[in-house]
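# Structural characterization, general
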Amino acid sequence: MTAVPTLAIEDLSVEFRTRSGTVKVLEHVGFSVERGETVALVGESGSGKSVTAFAVMGILDAAGRVTSGRAMFGGADLLALDERDLAEQRGRELSMIFQNPRTALNPIRRVGRQIADVLVRHGGATRGDAPRAAIEMLKKVRIPDPERRAEAYPFELSGGMCQRIMIAIALACRPALLIADEPTTGLDVTTQAVIMDLIGELAGESGMATIFITHDLALAAEYCDRIVVMHAGHIVEAAPGRELFARPRHPYAAKLLAATPGETASLESLASIPGGLPDLRRADLPPCRYSERCERRTDACAQPLPRRTVGDRHIVACWNPL
Amino acid sequence: MLNLLLSRLATAIPSIVGVVVVTFMLTRLLPGDPAAYFAGLAASPQAVAEIRTKLGLDKSLPEQFVAYVGDLLSGNLGNSLSTGQPVVTEIATRLPASAELTLAALLLAVFIAIPLGVLAAVKQGTWIDHVCRVVTTAGVSLPVFFTGLLFAYVFYYLLQWAPAPTGRLDVFLSPPQHITGFYLIDSALTGNSETFWGALRQLALPAISMAIFSLAPLARMTRGSMLAVLGSDFIRTARASGLAPRTVVFTYAFRNAVLPVITVLGMVFSFLLGANVLVETVFAWPGVGLYAVNALITSDYAPVQGFVLTMAVLYVALNLAIDLLYGLVDPRIRLDS
Amino acid sequence: MRPLLRHARYVMAENPVTGLAFGLFALFLLAAILGPALAPYNPLQSNVAMALKPPSAAHWFGTDQLGRDIFSRVLVATRLDLTIAFASVVLAFLLGALSGVAAGYFGGWTDRVVGRLADTIMAFPLFVLAMGIVAALGNEVINIVIATAIINFPLYARVARAEANVRRESGFVEAARLSGNGETRVLLGHVLPNIMPIMMVQMSLTMGYAILNAAGLSFIGLGVRPPDAEWGIMVAEGANFIQSGEWWIALFPGLALMLAVFCFNLLGDGLRDIIDPRMRT
Ligand SMILES: Nc1ncnc2c1ncn2[C@@H]1O[C@H](COP(=O)(O)OP(=O)(O)O)[C@@H](O)[C@H]1O
Ligand code: SF4
Ligand SMILES: [Mg+2]
């Protein structure tokens, strides 16, 4: 494992300035993805998964600010690039697809045009042959009757269709990295599987690295090589999927898995973990943001969190791991 | 497409009915004896009685209403007391002057307000945003007749950049051949550059006064809807796909943001048609507004009522046109119907 | 109340313009109440020897064509202008809020009648309709009030309707109904008070428009009649002297008018931010 990872995030911290004070949404987040690898980023809603992705893509809201960290990609630090250089990379080298595909597409532009826009922008096609290239992309994401669908507006298509269009836009320029932020949330189960298979297959074809953001552990286990568990803006555990399922070390990860009966469960059924995420605006946040919910807390937990390697590519941030 | 047209037409019909009922009521509301009003102050009792029968005031209200609608349908709005001319023809000859002024003001307002609103949204919280806020609040606060007067004083009396505020064209210039009734267009069509510039110089101050007044709703709406669009999911997608900032702001955000702006055009026209009366008075602009004001002064009621009705019908028609335009521009409405 | 005050302080600090607007408002209120007592000259007293004098130490705002002191006239006019606007806003509120609340609360044909009425008024360019109403009702100040109230009616009715509609099913209304209150009691005693804050915002937002509208009507000779001091008619009188360079006759009443409208518009925006931060655009 000496290959340079496709993306290596190190020590990423992000703050949001809000009316009621500064929120430290991410603290010292770090993980990496290698070529052809699929890494799941899991955690309950509000734990900072999307913010991590937005920070890497450089599309944080104006209120958000990266306060530390690097995101090494293709020899450059994405977080240090200026907007112009970053915009060159986005959509060509690294792409992202989102939750709610129907609102994630421009409602008054034909979907074929939206794919063509990206192709033209990144030199994947000229204005003249972009429409045909767009139709090719539609074929690739297995949209039936692509010539006709290219002329459709998003409101004329189903959610699943719209997500395929999103995938077509994201993969149009064959990026090295795809970040898929809950791409199947809100789709029915059958469509979910189809979309996941499609992403996996297209990624496999081109050796693309994929970060798959989800709150569905079962889905993560099924489709991903490694799983990174987030809680309240911290990464609490990272391990190969099978190992995590076999032996979770962080108390939170263990609770999560226990709350996952069999294959189909998800973090929606998190009622069994007491308390919610702590209020990140608090000034007296403990170093371990799980400590107020944790049954294994000891005095040691008041010290800055450790980062322990407990196995092959298995890391846990806890003073008293299981 | 035809569906769209028909459904929008159907919504305009109750408005027209309402307008006709209200204007009918206004003709009967006159305190005292409407016949005496319509006959004028100096009229003899016989003349009043004659007017009464002519207006059908001796009949029952429903009968009067039917007669009123019948008159409207045959294009009869009564005659002006002071000129003896049919109100319909007088309004029709003056309408182009008002229309030219109003449309010029609208164009000006749109060309200032929309870029201002877009800039304020894109640079939210910066000085340009504050300028936008101040300009729009000040704009609606300025009494349009007062702005007009100030402009006339500064640009005509002090600086002498503008011609005297006395109508559409300098007395030494002859109006262009009548094609559309718009002096600017007609003089341009006939290649009469002297008249064109003359008309433009006369038009500038009144149009600017009106434009400033009607800027605010446009700029505010543009800013608001642009902000909403810039924060929406699909803009994030566009940015995440690396589209150039120019494409994101103009092709993606602006085209979406401009749709709601079309819907405030109705309110803008309400502002403009009202302001038009005041500005025409200040600049002696020979349009329908000035006509109505002059009639008011001489207690000549038929022209005033004809004016109110014409403006209301025009306004309903404009709103209909705006609705149709919206339907045409937004594919979600165009393809749904 | 406490958090509202704190929020008010926050809004003022964030936006000092709102504070300024409150100050201006107090000034106008003072002028309206004390105007006649403070005026250095009798606003109606003409003095032909002093006609058309530019501003000076004796006549701060100059004198008009009849030699009347413009400063006194502008000051005294405050009461009339604000009274017309305020009366029309209150009238519009009474008509609009009551019928709007009833429409939103009862729905059905009440809703349809009120809705149609509002739509019909909105089918006119509003200032033009006001002209028509005053022309028909007669050239009196009270008719300016009525006309201005009528054209503002739809705004109030719509806001009140929407708010009442939302609150119809809410807990406190349910509770009031269950404790045996009749529908009218629930409506007036529970629904109406709850939408008052929003109505207040609406009132201060329409106040500026009402002043403009009333002044516009008197500018074209409707309602107020000379020699009464009123800003709109004073600007109209001054208009005749603009082309000969006597700017002060129109300028000062025009500025007073502008400032008053500006003040109420800022106040409305500020109140909206304080009462309902969500409505902020
Ligand atoms: N624009 C913003 N302003 C303030 N806080 C934000 C903003 N965006 C996200 N957050 C905060 O960041 C945290 C993480 O959000 P997010 O990354 O969307 O969570 P996830 O994707 O894991 O559900 C949340 O607590 C949220 O409140
Ligand atoms: S560090 Fe301590 S409090 Fe935090 S999870 Fe581990 S044991 Fe629990
Ligand atoms: Mg998320």
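Residues numbered from 1 in each chain as written. Chains lettered and ligands numbered in written order. Predicted model: local features only at pLDDT ≥ 70, side-chain atom pairs only at ≥ 80, totals over all residues. Heavy atoms only, no water.

We now examine the overall build of chain A. The secondary structure content of chain A amounts to eleven helices and twelve strands. The C-alpha radius of gyration of chain A comes to 20 Å, within 12% of the 20 Å expected for a compact globule of 322 residues. Dimensions of chain A, computed from C-alpha atoms along their principal axes, come out at roughly 65 × 45 × 45 Å. For chain A, with 322 residues in total, the buried portion stands at 55%. Long-range contacts, defined here as pairs at least 24 residues apart, represent 67% of the contacts in chain A between residues at least 6 apart. When the accessible surface of chain A is summed, it comes to about 13900 Å², and 50% of that surface belongs to carbon and sulfur atoms. Mean positive and mean negative side-chain charge positions of chain A (38 and 40 charges, respectively) differ by 2 Å. (Helix = DSSP H or I, 4+ residues; strand = E, 2+ residues; numbered from the N terminus. Rg over C-alpha atoms; globule rule 2.2 N^0.38 Å. Buried < 20%, exposed > 50% of the residue type's maximum accessible area, 1.4 Å probe, protein only. Contact = heavy atoms within 4.5 Å. Areas by Shrake-Rupley, 256 points an atom, 1.4 Å probe, with all protein chains shown as cover. Lys, Arg positive; Asp, Glu negative; His and termini not counted. Charge placed at Lys NZ, Arg CZ, Asp CG, Glu CD.)

Residues and elements named next belong to chain A. The environment of ligand 1 is formed by F16, T18, V25, E44, S45, G46, S47, G48, K49, S50, V51 and D61. One of the backbone N or O atoms of S47 is found 3.2 Å from an oxygen atom in ligand 1. The contact in question runs from an oxygen atom of ligand 1 to an N or O atom on the backbone of G48, over 3.0 Å. Relative to its unbound accessible surface of 560 Å², ligand 1 loses 68% to contact with the protein. Contributing elements (two or more residues each) for the shell around ligand 1: β1 (7–18) and α1 (49–57). Among the elements that line the shell around ligand 1, the one with the most residues is α1, at three residues. Residues that form the shell around ligand 1 fall into these classes: three nonpolar, six polar and three charged. (Near = heavy atom within 4 Å. Polar contact = N/O pair within 3.5 Å; in protein donor to acceptor, adjacent residues only side chain to side chain. Nonpolar A, V, L, I, M, F, W, Y, C, P; charged D, E, K, R; others polar.)

Before going further, it helps to spend a moment on the nonpolar core. Here is a general trend for soluble globular proteins: nonpolar side chains tend to be buried in one another's company. Grouped together as the largest cluster of nonpolar side chains are 286 residues, with contacts concentrated most on L7(A), F31(A), M131(C) and I220(C). Of the residues forming this core, the biggest block, 22 residues, is contributed by helix α11 (residues 245–283) of chain B. Once residues lying within four places of it in the same chain are set aside, the contact partners of I220(C) are V277(B), L278(B), T281(B), V293(B), L296(B), F127(C) and M131(C). Residues A31(C), A39(C), L75(C) and V76(C) belong to the second largest nonpolar core, which totals five residues. (Core = buried A, V, L, I, M, F, W, Y, C linked by side-chain atoms within 4.5 Å.)

What follows covers unusual backbone geometry. Each neighbour pair has its own omega, and for P226(C) with P227(C) the value is 10°, a cis peptide bond. Locating P227(C) in the fold gives a position in the loop between α8 (183–219) and α9 (231–242). Here H28(A), not a glycine, exhibits a phi torsion of approximately 50°, which is positive. On the secondary structure map, H28(A) appears in strand β2 (residues 21–33). Among the residues examined, H28(A) registers a relative accessible area of 53% and is labelled exposed. Positive phi values are uncommon outside glycine, yet E182(A) reaches one of about 45°. If you trace the backbone, E182(A) turns up in the loop between β7 (177–181) and α8 (189–206).

Let's shift gears to the site of ligand 2. Surveying the vicinity of ligand 2 reveals the residues H250(A), P251(A), C288(A), Y290(A), S291(A), C294(A), R296(A), R297(A), C301(A), C318(A), W319(A) and N320(A). Looking at the shell around ligand 2, its residues break down into seven nonpolar, three polar and two charged.

Across the contact, 43 residues belong to chain C and 48 residues belong to chain B. Summed over both partners, the interface of chain C with chain B buries about 3900 Å², with 77% contributed by carbon and sulfur atoms. Along the contact surface separating chain C from chain B lie zero salt bridges. Listing elements by their share of the side of chain C that touches chain B, those giving two or more residues are α4 (108–122), α5 (126–137), α8, α9 and α10 (248–275) of chain C. In terms of residues, the side of chain C that touches chain B owes the most to one element, α10(C), which gives eleven residues. (Buried area = accessible area lost by both parts, 1.4 Å probe. Salt bridge = Lys/Arg side-chain N within 4 Å of Asp/Glu carboxyl O.)

Our focus in this paragraph is the packing of helix α5 (residues 87–122) of chain B against helix α13 (residues 301–329) of chain B. All names here are of chain B. Across the interface, α5 lies against α13 with an axial gap of 10 Å and an inter-helix angle of 55°. On the basis of their axis angle, the class for α5 and α13 is oblique. The handedness of the crossing between α5 and α13 is right-handed. In this structure, α5 uses V87, I91 and L95 to contact α13, whose residues at the interface are A302, P303, G306, F307, T310, M311 and L314. In terms of residue class, the contact of α5 with α13 is built from eight nonpolar, two polar and no charged. (Axes fitted to C-alpha atoms, helices over the stretch in contact; angles between N-to-C directions. Parallel < 35°, antiparallel > 145°, perpendicular 65-115°, else oblique. Left-handed = near helix turned anticlockwise from the far one by under 90°.)

Residues and elements named next belong to chain A. On the basis of which strands lie adjacent, the open sheet formed by eight strands has the order β6-β7-β8-β3-β9-β10-β12-β11 and mixed pairing. Edge strands, defined here as strands with exactly one partner in the open sheet, are β6 (94–97) and β11 (308–311). With strand direction ignored, the average angle separating the axes of adjacent strands in the sheet is 20°. Along the sheet, helix α11 (residues 251–258) contacts β9 (226–231) and β10 (234–240); its crossing angle with β9, the most-contacted strand, is approximately 110°. (Pairing = 2+ DSSP bridges.)

This part is about the packing of α8(C) against α10(C). All names here are of chain C. In the contact formed by α8 and α10, the axes pass within 8 Å of each other and the chain directions differ by 165°. Here α8 is positioned roughly antiparallel relative to α10, judged by the angle of their axes. The chirality of how α8 crosses α10 is left-handed. Contact with α8, carried on its side by P197, M200, V201, S204, L205, M207, G208, I211, L212 and A215, involves L257, A260, V261, F264, N265, L267, G268, D269, L271, R272 and I275 of α10 and no other residues of that element.

Turning to empty space enclosed by the protein, a few remarks are in order. Take a probe with the size of a water molecule and roll it over the atoms, and the empty space left behind shows itself. Taken as a whole, this structure holds six cavities of 30 Å³ or more when the rule is applied. One number sums up the size of the largest cavity: a volume of about 160 Å³. As for the largest cavity, its lining consists of 14 residues, of which F213(B), L278(B), F127(C), Y209(C) and N213(C) are closest to the centre. Contributions of two or more residues to the lining of the largest cavity are made by α7 (144–158) and α11 of chain B together with α5 and α8 of chain C. The element that contributes the greatest number of residues to the lining of the largest cavity is α11(B), accounting for five residues. (1 Å grid on protein atoms, 1.4 Å probe; cavity = no way out; pocket = protein on both sides within 12 Å on 5 of 7 lines; lining within 4 Å. Points joined across faces, edges and corners; volume = space filled by probe spheres on them.)

This part takes up the packing of aromatic side chains. The full count for this structure, using the stated rule, is 21 aromatic pairs over all chains. With a centroid separation of 5.8 Å and an interplanar angle of 65°, the aromatic rings of F151(B) and F155(B) are classed as edge-to-face. Of this pair, F151(B) and F155(B) both sit in helix α7, four residues apart, which is roughly one turn of the helix. Take F151(B): its relative accessible area is 17%, and that puts it in the buried class. Members of the aromatic cluster, connected to one another through ring pairs, are W60(C), F61(C), F71(C), W247(C), W248(C) and F252(C). When the ring centre of Y183(B) is taken as origin, the NZ or CZ atom of R168(B), which lies over that ring, is 3.7 Å away. (Phe/Tyr/Trp six-rings, centres within 6.5 Å; stacked < 30°, edge-to-face > 60°. Lys NZ or Arg CZ within 6 Å of the ring centre and 35° of its normal.)

All names here are of chain B. Its place among the elements puts S98 in helix α5. Assessed through its relative accessible area of 4%, S98 is described here as buried. Separated by 2.6 Å, the side chains of S98 and E280 make a polar contact. A polar side-chain atom of S98 sits 2.8 Å from the main-chain amide nitrogen of V288. Setting aside residues up to four positions removed in sequence, S98 forms contacts with N276, E280, W285, G287, V288 and G289.

Bringing the pairing of β10(A) into the picture now. Residue and element names in this part refer to chain A. Burial analysis of β10 places six of its seven residues in the buried class, the great majority of the element. Direction of pairing for β9 relative to β10: antiparallel, over a ladder of six bridges. Paired with V229 across the bridge in β10 is E237. Connecting β9 to the antiparallel partner β10 that follows it, the hairpin turn spans two residues, and A232 within it adopts a positive phi of roughly 50°. Bridge count for β10 against strand β12 (residues 314–316) is two bridges, and the pairing is antiparallel. In the sheet register, E237 faces β12, and the bridge partner there is V316.

Picture the strands of a sheet paired through backbone hydrogen bonds; they go either parallel or antiparallel. All names here are of chain A. If you trace the four strands from one edge of the open sheet to the other, you get β2-β1-β4-β5, paired in antiparallel fashion. Either end of the sheet is taken by a strand with one partner, and the two such strands are β2 and β5 (76–77). Inspection of the sheet shows β1 paired to strand β4 (residues 64–73) by eight bridges, in the antiparallel sense. Bridge pairing in β4 links A8 to M72. In the packing of α1 onto the sheet, the strands contacted are β1, β2 and β4, and the crossing angle to β1 comes to about 105°.

On their own, these measurements won't tell you what the molecule is for.
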